[in-house]
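Spelled out from the first residue to the last, the chains are:
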Amino acid sequence: MKPLFLNLLNDGGPAFSYPTFAMLLICIALIIKALVKGDADGKMRKLISHISLFALVWGFLGQMVGLIGAFDTIEAVGNVSPAILAAGLKIALLSPVFGMVVFLVARVGIIILTLVQKES
């Protein structure tokens, strides 16, 4: 049995979920690096900001691609049960949720970096 997190990554569409997860790891690594080495010029915060915004948009792109595929399938099959439709919508919502998580984690990191810099 796989952990719930891995199931959600796979359910959300590996083409969109795994890159988003990689962006989360990159943002966390950059935040830690900036906290340890400092970020006086603000370049690290800008980079984290850009990556987090890209992750957010990437998640919504994944949702749109998933919904288009789901609607194509519904159109081809015709009559679809509400349970199958609900399952498809759940899967379509996972990708933007991952993007929002990356965005929020990165934004909290940027806030912390800003506070640390102002105290110095």
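Residues numbered from 1 in each chain as written. Predicted model: local features only at pLDDT ≥ 70, side-chain atom pairs only at ≥ 80, totals over all residues. Heavy atoms only, no water.

1. Examining the overall build of the chain
The cut-off we apply is this: Helix numbering and strand numbering both begin at the N terminus, where a helix is a DSSP run of H or I of at least 4 residues and a strand a DSSP run of E of at least 2. For the radius of gyration, the atoms used are the C-alpha atoms, and the globule rule reads 2.2 Å times the number of residues raised to 0.38. We call two residues contacting when some pair of their heavy atoms lies within 4.5 Å. Computed with the Shrake-Rupley method and a 1.4 Å probe, the accessible areas treat only the protein chains shown as cover for residues. Note on charges: Lys and Arg go in the positive column, Asp and Glu in the negative column, and His and the chain ends are not counted at all. For this purpose, a charge sits on NZ of Lys, CZ of Arg, CG of Asp or CD of Glu.
If you tally the helices and strands in the chain, you get four helices and zero strands. Reading the secondary structure of the chain in the N-to-C direction produces α-α-α-α. Over its C-alpha atoms the chain spans a radius of gyration of 18 Å, topping by over 25% the 14 Å that the globule rule assigns to 120 residues. Oriented by its inertia axes, the alpha-carbon framework of the chain measures out at about 65 × 30 × 20 Å. In the chain, once contacts between residues fewer than 6 apart in sequence are set aside, the share between residues at least 24 apart is 81%. For the chain, the exposed area adds up to about 7,600 Å²; of that, 76% sits on carbon and sulfur atoms. Taking the average location of the 9 positive side-chain charges in the chain and that of its 6 negative ones, the two points are 11 Å from each other.

2. A few points about helix H2 (residues 14-37)
This is how the line gets drawn: A helix's residues, less one, multiplied by 1.5 Å, set its expected span. For every residue, the accessible area obtained with a 1.4 Å probe (protein chains only) is divided by the maximum for its type, and the residue is called buried under 20%, exposed over 50%, and partly exposed between those limits.
For H2, spanning 24 residues, the distance from its first C-alpha to its last is 34 Å, which sits close to the expected 34 Å at 1.5 Å a residue. Along H2, the positions that sit buried rather than exposed are Phe16, Ser17, Thr20, Met23, Leu24, Cys27, Leu30, Ile31 and Ala34. A positive backbone phi angle near 95° is found at glycine 38, which sits one or two residues after H2.

3. Describing the packing of aromatic side chains
Centre distance and the angle of the planes are the two values used to describe a pair of aromatic rings. What counts is decided by this rule: When two rings of Phe, Tyr or Trp (its six-membered ring) have centres within 6.5 Å they constitute a pair, described as stacked for plane angles under 30 degrees, edge-to-face for angles over 60, and tilted for the intermediate range.
Applying the stated criterion to the full structure yields two aromatic pairs. Geometrically, the ring pair formed by phenylalanine 16 and tryptophan 58 is tilted, given 4.9 Å between the ring centres and 45° between the ring planes. Taken together, the residues phenylalanine 16 in helix H2 and tryptophan 58 in helix H3 (residues 43-77) connect sequence positions 42 residues apart. Considering the side-chain rings of phenylalanine 54 and tryptophan 58, the 5.8 Å spacing of their centres and the 20° angle between planes classify their relative orientation as stacked. Within this pair, phenylalanine 54 and its partner tryptophan 58 are both found in helix H3, separated by four residues, close to a single helical turn. The partly exposed category is assigned to tryptophan 58, whose relative accessible area is 22%.

Remember that the coordinates give geometry; whether it matters functionally is a separate question.
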